[in-house]
Amino acid sequence: MTLTQPPVPQEAVAPADDPTRASVVAPHRPGRAPLAGAAFLAPAVALVVLLLVVPFAFTIYRSFFDDNGFTRSWVGLDNYTAMFTDPAFGQSVLNTFFWVVGTLVLPVGLGLAIAVGTWKLKLGALARFAVILPYAISGSATAVVWTFMLSTDGGLDTLLRLLGLDPLISQWLLQWPLNTVMMIVATTWQATGACVILFLVGLQSIPPSTLEAAQLDGASGWRLFWAVTFPQLRPMTIVVVGISIVGSLKVFDQVLLLTNGGPGTASETLALTMYRETFTLSRYGSGAAVAVFLTVVVVAASYAYLRRQLRPAQS
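Here's what I pulled together on the structure shown here. (Residues numbered from 1 in each chain as written. Predicted model: local features only at pLDDT ≥ 70, side-chain atom pairs only at ≥ 80, totals over all residues. Heavy atoms only, no water.)

## Topic: the overall build of the protein
Note the following rule: Counting from the N terminus, the helices are DSSP H or I runs at least four residues long and the strands are E runs at least two residues long. Accessible area is worked out with a 1.4 Å probe on protein chains only. A residue is then buried under 20% of its type maximum, exposed over 50%, and partly exposed in between. The contact rule is simple, with two residues in contact once any of their heavy atoms fall within 4.5 Å. Exposure was quantified through the Shrake-Rupley algorithm and a 1.4 Å probe, taking into account, for residues, occlusion by the shown protein chains and nothing else.
What the protein contains, in helices and strands, is 14 helices and two strands. Here the protein, with 315 residues, has 33% of them falling under the buried criterion. Taking contacts inside the protein between residues at least 6 apart in sequence as the whole, the part at least 24 apart equals 66%. As displayed, the protein offers around 19,700 Å² of accessible surface, 69% of which is attributable to carbon and sulfur atoms.

Below you can see the structure in the form of structure tokens.
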């Protein structure tokens, strides 16, 4: 019995450089990949332009007009001149600066201390839960709670009387700068939880071998934290501080609900000044000028901070 092999196709034995061999490889098109990427990015870019760039451009345009919602007349830079010469605006800038400093010192500082201090404790999760729980409450609800606490004969005054500390009783929300300080404390009660969560994520990303090696070398306590733990938390610290700076520059709801910027305009922030000029006084041109100034401050502060922190380390 003779075994015969089926015929082999000519394409299988033809040499690679055979000009008669049909090519099955698609031709390379250098411009195809960028076009495909642009097609995928186009909807997102269009959405950003439509919802952010166009409104901001219109806000800049409107800031050059005396606009009361019914009539509009060109005034050039008069809105900006009036804004920078208004003492109330200067007070608003000062209050916003207080908010930035207070937010960095209290929520960020306390969040870092609580995260590091309870990281490896046996009941640390329970302690962290008590701190993180207020973060689930909205800013408006937090303001309502602290209005009850800080109002005259409210929760804080009652507690001080029970402890025999009557001389410490004060008009917490009716005098500046005490009202600004107490509003920062109220915000700290809510915002510390977010900082704790973020710092815990950073702590869990630290290799245990690094800490063990430092402990074998004799590092412990404050020295271990400052020389080993904190440097490795730098990426997360950049994120937390950046978010805190931007949030404090735009703070609005707590001030509106706790003091409404009072007494007078003593506790206003830039965001509340923008709201008052636009929606309370119907001076849309002036409100647009404040909005442009606030946007420039937020973008400039964010850019300067991130550029400094993300700068490559020089050898």
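There is more to say after this.
## Description of a nonpolar patch on the surface
Quick note on the threshold: Exposure above 30% relative accessible area and the lack of any salt bridge qualify a residue for a patch; like charges then connect within 9 Å, and the nonpolar side chains Val, Leu, Ile, Met, Phe, Trp and Tyr within 5 Å. By definition, a salt bridge exists where a carboxyl oxygen of Asp or Glu is found within 4 Å of a side-chain nitrogen of Lys or Arg.
Residues Leu 41, Val 45, Leu 47, Val 48, Val 49, Leu 50, Leu 51, Leu 52, Val 53 and Val 54 make up a contiguous nonpolar surface patch of roughly 910 Å² in combined accessible area. Following the sequence through the fold, Leu 51 ends up in helix H2 (residues 32–62). Assessed through its relative accessible area of 53%, Leu 51 is described here as exposed.

## Looking at the side chain of Thr 192
Inspection of the secondary structure assignment puts Thr 192 in helix H8 (residues 178–204). For Thr 192, a relative accessible area of 5% gives the class buried. If we skip the residues at most four places from it in the chain, Thr 192 touches Pro 107, Leu 110, Gly 111, Ile 114 and Val 131.

## Observations concerning the packing of helix H11 (residues 234–249) against helix H14 (residues 284–309)
Our working definition: To get an axis, fit a line to the C-alpha atoms, keeping to the stretch in contact for a helix; angles then go from 0 to 180 degrees between the N-to-C directions. For this classification, under 35 degrees means roughly parallel, over 145 means roughly antiparallel, 65 to 115 means roughly perpendicular, and everything else is oblique. If you view the pair so one helix is near and one far, a crossing is left-handed when the near helix is turned anticlockwise from the far one by less than a right angle, and right-handed when it is turned clockwise. Three classes are used: nonpolar for Ala, Val, Leu, Ile, Met, Phe, Trp, Tyr, Cys and Pro, charged for Asp, Glu, Lys and Arg, and polar for all others, with Gly counted as polar.
Between H11 and H14, the least distance of the axes is 10 Å, while the angle of their chain directions is 170°. As judged from the angle between their axes, H11 and H14 are roughly antiparallel. Relative to H14, H11 is oriented so that their crossing is right-handed. In this structure, H11 contributes Arg 234, Thr 237, Ile 238, Val 241, Gly 242, Ile 245, Val 246 and Leu 249 to the contact, and H14 contributes Leu 294, Val 297, Val 298, Ala 301, Ser 302, Tyr 305, Leu 306 and Gln 309. In terms of residue class, the contact of H11 with H14 is built from eleven nonpolar, four polar and one charged.

## So, the pattern of salt bridges
In this structure the tally under the stated criterion is six salt bridges. When the shortest N-O distance is used, the salt bridge between Glu 277 and Arg 276 registers 3.6 Å. Assessed through its relative accessible area of 18%, Arg 276 is described here as buried. Taking the shortest distance from any N to any O, the salt bridge between Arg 283 and Glu 277 comes out at 2.9 Å. On the basis of relative accessibility, which here comes to 39%, the residue Arg 283 falls in the partly exposed class. Each member of the salt-bridge network shares a partner with another, and the members are Glu 268, Arg 276, Glu 277 and Arg 283.

## Quick word on the side chain of Thr 237
Here Thr 237 shows up in helix H11. Contact partners of Thr 237, with chain neighbours within four places excluded, come to Phe 199, Phe 230 and Tyr 305.

## Observations concerning the nonpolar core
Stated formally: Nonpolar core, defined: a set of buried Ala, Val, Leu, Ile, Met, Phe, Trp, Tyr and Cys residues in which side-chain atoms within 4.5 Å join the residues together.
Met 83, Val 108, Ala 115, Phe 199, Leu 203, Leu 224 and Val 240 are the most contacted members of the largest nonpolar core, which totals 34 residues. Where this core is concerned, the elements lending two or more residues are helix H3 (78–85), helix H4 (87–117), H8, helix H9 (208–216), helix H10 (221–232), H11, helix H13 (270–280) and H14. Look past the residues within four positions of Ala 115 in its chain and what remains in contact with it is Val 196, Phe 199, Leu 200 and Leu 203. Among the nonpolar cores identified, the runner-up in size contains 16 residues, and Trp 99, Met 182, Ile 184 and Leu 272 belong to it.

## As for the packing of aromatic side chains
Selection criterion: Centres within 6.5 Å are what make two rings of Phe, Tyr or Trp a pair, Trp counting through its six-membered ring; a difference in plane orientation under 30 degrees is then read as stacked, over 60 as edge-to-face, and the rest as tilted. Distance and angle both matter: a charge sits over a ring if NZ of Lys or CZ of Arg is within 6 Å of the ring centre and within 35 degrees of the ring normal.
Applying the stated rule across the entire model yields 17 aromatic pairs. Relative to Trp 176, the ring of Phe 98 has its centre 6.1 Å away and its plane inclined at 20°; by these criteria the two rings are stacked. One end of the pair, Phe 98, is in helix H4; the other, Trp 176, is in the loop between helix H7 (155–162) and H8, and 78 residues separate them in sequence. Accessibility expressed as a relative area gives 31% for Trp 176, which makes it partly exposed. Joined through ring pairs, the aromatic side chains of Phe 58, Tyr 61, Phe 64, Phe 65, Trp 74 and Tyr 80 make up one cluster. For Arg 72, the ring lying beneath its charged end belongs to Phe 65, and the centroid distance is 5.8 Å. Its guanidinium or amino end placed over the ring of Trp 119, Lys 120 lies 4.8 Å from that ring's centre, counting from NZ or CZ.

Purely spatial values, then, with no claim about function.
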